[in-house]
Amino acid sequence: MALSKEIYRELEDIVGEEFICSDPAIMPSYHGSDLGAVVLPENTVQVQAIVKTCNRYKLQFSAVATGWTGSFKKDIVYIDMRRMNRIIEINEKNMYAVIEPYVITAELQAECFKKGLHFNVKGAGSNCSAMLRGHGHLDQSTSGDDRNHLAIEWVTPEGEIVRSGALGSTDEWFCGDGPGPSIRAILTSAVPPGVTPGVFTKAAIKLYHWAGPPKYDIQGLSPKYTLPEVPKNMMARYYSFPSVEKMWQAEIRLGENEICMELMGFNVSMVAANIATCNEDDERIFKRLNKEKKGPGFFVIIAGNSDNDFAFKKKALEQIVREAEGESMKSLEDPETEGILIAQCTRVTASIRETFRAGGAFSSIPIMSQRDLTIKWAIGAGEAKLPLIKAGHIVDDGGAFFGWGVEQGHVGKTEIFCKFDPANEKAKAAVEKWSKEQGRRAFDESYFALMMGEVSDDIKANMCHYDKWWIALTRAFDPNDVAPQGGPLV
Amino acid sequence: MGLEQYQGDVNMCCRCSACKFIPLQHVKSYDFSYVCPSISRFQFHSYSGGGRANIISAGLKNGFNYTDKFLDIVYNCQMCGACGVSCNYAMDMELQEPINELRIKCVAEGKTHPELERVIKTLKKTGAMVPVQGKRGDWAKGLDLKDATKEKVDVLFHVGCLTSYNKDMHKLARATAQILKKAKVNFGIAGDMETCCGGRAYQMGYEKEFLKQAKMNMSMIKKAGIKTVVTACADGYHAFKVLYDKYELKGDLKVLHITEYIDMLIKEGKLKPKKALDMVVTYHDPCRLGRLGEPWIHYKGKKIPGDRFVFDPPKEYRRGTKGVYEPPRDIIKSIPGVKLIEMERIREYAWCCGAGGGVNESNPDFAEWTATERIFEATATGAEAIVSACPWCEVTLSQAIEENESSLKVYDIVELVAKAL
Ligand SMILES: Cc1cc2nc3c(=O)[nH]c(=O)nc-3n(C[C@H](O)[C@H](O)[C@H](O)COP(=O)(O)OP(=O)(O)OC[C@H]3O[C@@H](n4cnc5c(N)ncnc54)[C@H](O)[C@@H]3O)c2cc1C
């Protein structure tokens, strides 16, 4: 349903005629929802004016960056942040970047690499907003999620502009918690379902040292991009182990010794997806790697700041792996493949290949907790996938899971997904059932699991009724109930 | 053919936005990260390749509602194929083809653009996509070239509408003739008998008119016993090589772009650029010579039921891998004194000049905006000139240069070669 003429005109006055639309023609490209209107603000003042208008008319709104995923209620005002895509500052000295929501990771990374810097990239990939945080491949060296936000400029659900931390007192971006107001507990996340109410308009994110080259010298033509050689003082390896316990032993020691730029617990199916340039290749490479592997494994990239640093890291890595009876998968040591994996897994450009390419859909259960325990949960979830694979409902990945540790690796993310064809109703139903059962099992075993849909009361009780507190808190900020509530927070 | 065959493909779109950008691994800066002019200019997701796929997917399910906005989305696209290349880095699905088919469907259902209608009316009347001044063969006056429709030649040089009728572009045809003569190629032209290749009509969605032109051309070619066609226009190249093949009209006609032909002549020692030109240039890949210039793949097969979007026999996608990228670069490098510096967006992920898909005619401001972006990128390399291999690129880029009072020069590659001989 389109907005009333009066409201539409008011919003049009804010963003300009060219940047508002409620024509049904565009709706399929906006998640297929029958939105009230899509508006494209250019700056914080416009965002604020939109939010205030929404409050005045008690109209719900949602702010969205690339909008890779998500479903949005009909009739809402969809604030597409596309035009807010500026890199405001890359502060080399204090190692932070101030950006707007629609700067994508690939862009910020390109600019940061030139300066010998990088930042946490959520595993979703370089096609997503660099500002909206998450967890990903580089978590061991860049930490993850809310650790990486410094000061934030936030338009509250009522349309006030709040500047957190140092920004609120001295107009500087270097700290999110003081000397100005710290509102970290509210500005939790933008990865569904933990969506912060209101709109982030700018944020400073932490930068880290980048030991890789200022740019990769990519060769070849799409879909096969290679590096002419493995960049100096960088190395990528996939290690597989005789057991999960042994794998964990190596993983935690590598974390504690801060050896890796990246430690990603890819399964071999995901490695295959990274290398393969089409679905058929993907299947072939997976079968080969599945035979070659010793057992469960992980993918590692090390990068030295000097020849000595690299030599030390390599030696330590190899010793730790050896002591855990791990072995490098030889076929992946081929320099061309190694180069592909280094470029792809530092820039995080293959998540689309890993998830959507096969059948067009995937369903995932990410669990955040102590890595060694969540791995055990994931083994069970993987076993529960096997009948679906056998029935041909989901892509054969050997029933595998993946994940990675954050910082020193004790806490981390463990995730498991099923790839399937969404047009296949039987497959869809089987995957939904699997997802429900395994999500439930995660809660029963007291892990944080990200679940879509309604969460049952006993789970909420187990989480100290956090959902009630959250709702009460967001209501206080949002008396007109216009901001997105997010999903079931746990 | 038809849009329906792509239902499965458009349903595969996962809204990842890769289609908006150059392949993500190639992003080297904030300034030149985008590849799709339409999303960059019009901003709503609907103008991106993925947005278009979403619209097609919904339309095939629920029917199409041709609102003004819908048609604005449909016609504000250069059909340059860049979205497809970026998508196909990661995904196995057709993207450019359903976008082409949507245009064709709109035209077939009378949902046309008035400016494009006007162009097609001219085509029907004159056999040309541009206003006709004088005769098609006027550019060749005094050159004493063979008439390929009457005399036996090894090569037909198909000149194209813009070069033939825009007097400022006659220099390209004359330079091409000069080069071919110098290499002692037994070539001819069709002169006043030449007619439009139909390629730009196809880009605008006018399939019927395209087919009429294609059949006329192939009938003339067959009658004259011509085995090889060389075009100096990327649109012409794409039409003869890819579209005629797609519609099974090409037979075993050999189609070469002038850059492929000159490159071959240089490598065979039949041409030798000798004069030093002392200039720093950058090269602009025309979309229909580059990513869209790769051969058509005839495919018949069925989706294998099950978990993956795979086909029996396995489907090979046109991902821009086999376009013409090296010959023009090799030619430039063979000219003494010329230094080539690359822009950031090149080869299969080159930024379009803006002229394609009828945008030049339907929305000249958008065409110029697109060309201006390219001019900025070329200027950022430090080059003094941008070299292309298509008259449409040259005209559009020149206009943007003039409008922006830039000091950048524009050359077609044949001009450089002719100067250096
Ligand atoms: C294949 C795949 C893999 C993924 N892997 C990971 C992973 O490894 N780690 C991880 O952390 N996440 C992962 N995700 C989740 C991912 O981060 C989200 O899907 C996210 O939507 C990506 O796009 P984006 O960053 O542009 O955010 P958007 O999709 O634009 O937004 C995400 C949410 O934030 C809200 N939002 C957007 N902009 C603003 C704003 N300015 N102010 C307030 N709210 C806003 C939106 O309403 C939406 O609810 C994955 C997703 C996919 C599809």
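Reading the values: the criteria
- Residues numbered from 1 in each chain as written.
- Chains lettered and ligands numbered in written order.
- Predicted model: local features only at pLDDT ≥ 70, side-chain atom pairs only at ≥ 80, totals over all residues.
- Heavy atoms only, no water.
- Domains from an automatic or database assignment.
- Contact = heavy atoms within 4.5 Å.
- Buried area = accessible area lost by both parts, 1.4 Å probe.
- Salt bridge = Lys/Arg side-chain N within 4 Å of Asp/Glu carboxyl O.
- Polar contact = N/O pair within 3.5 Å; in protein donor to acceptor, adjacent residues only side chain to side chain.
- Helix = DSSP H or I, 4+ residues; strand = E, 2+ residues; numbered from the N terminus.
- Nonpolar A, V, L, I, M, F, W, Y, C, P; charged D, E, K, R; others polar.
- Pairing = 2+ DSSP bridges.
- Axes fitted to C-alpha atoms, helices over the stretch in contact; angles between N-to-C directions.

### Re the domain arrangement of chain A
Residue and element names in this part refer to chain A. Each assigned domain of chain A is listed with its residue range as follows: domain 1 (5-80), domain 2 (87-209), domain 3 (219-354) and domain 4 (359-444). Listed by partner, the interface residues are 12 residues for domain 1 and 20 residues for domain 2. Summed over both partners, the interface of domain 1 with domain 2 buries about 1300 Å², with 68% contributed by carbon and sulfur atoms. Of all residues in domain 1, Thr44, Thr66 and Trp68 bury the most surface against domain 2, accounting for 38% of the area lost on that side. Between domain 1 and domain 2 we count zero salt bridges in total. Run the count over domain 1 and domain 2 and you get four residue pairs in polar contact (both at pLDDT 80 or more). Within the residue set of the side of domain 1 that touches domain 2, elements represented by two or more residues are α2 (44-56) and β3 (61-64). Per-element accounting of the side of domain 1 that touches domain 2 gives the leading share, six residues, to α2. Residues that form the side of domain 1 that touches domain 2 fall into these classes: seven nonpolar, four polar and one charged.

### Observations concerning the interface of chain A and chain B
If you look at the interface, chain A gives 65 residues, while chain B gives 56 residues. When chain A packs against chain B, close to 5100 Å² is buried across both sides, 56% of that on carbon and sulfur atoms. Three residues stand out in chain A for area buried against chain B, namely Arg82(A), Leu221(A) and Tyr225(A), and they jointly supply 13% of the buried area on that side. There are three salt bridges connecting chain A and chain B. Applying the counting criterion to the chain A and chain B interface returns 26 residue pairs in polar contact (both at pLDDT 80 or more). For the side of chain A that touches chain B, the elements supplying multiple residues, two or more each, are β1 (20-21), β4 (77-80), α3 (105-114), α8 (279-292), α10 (335-347) and α11 (351-355) of chain A. Of all the elements, α3(A) adds the most residues to the side of chain A that touches chain B, at five residues. Split by residue class, the side of chain A that touches chain B holds 29 nonpolar, 18 polar and 18 charged.

### What about the sheet that holds strand β10 (residues 385-388) of chain B?
All names here are of chain B. Strand order across the open sheet formed by four strands is β9-β6-β10-β11, with parallel pairing between neighbours. Where the open sheet ends on each side, the last strands, each with one partner, are β9 (338-340) and β11 (409-412). The sheet shows a mean angle of 35° between the axes of neighbouring strands, direction not considered. Packed on one face of the sheet, helix α17 (residues 391-403) meets β10 and β11 and runs near 175° to β11.

### Thoughts on the side chain of Thr277(A)
In this structure, Thr277(A) sits in the loop between α7 (268-275) and α8. Within the structure, Thr277(A) has its side chain in polar contact with the side chain of Asp281(A) (distance 3.5 Å). In contact with Thr277(A), not counting residues within four places along its chain, are Pro223(A), Lys224(A), Arg353(A), Arg357(A), Asp92(B) and Arg319(B).

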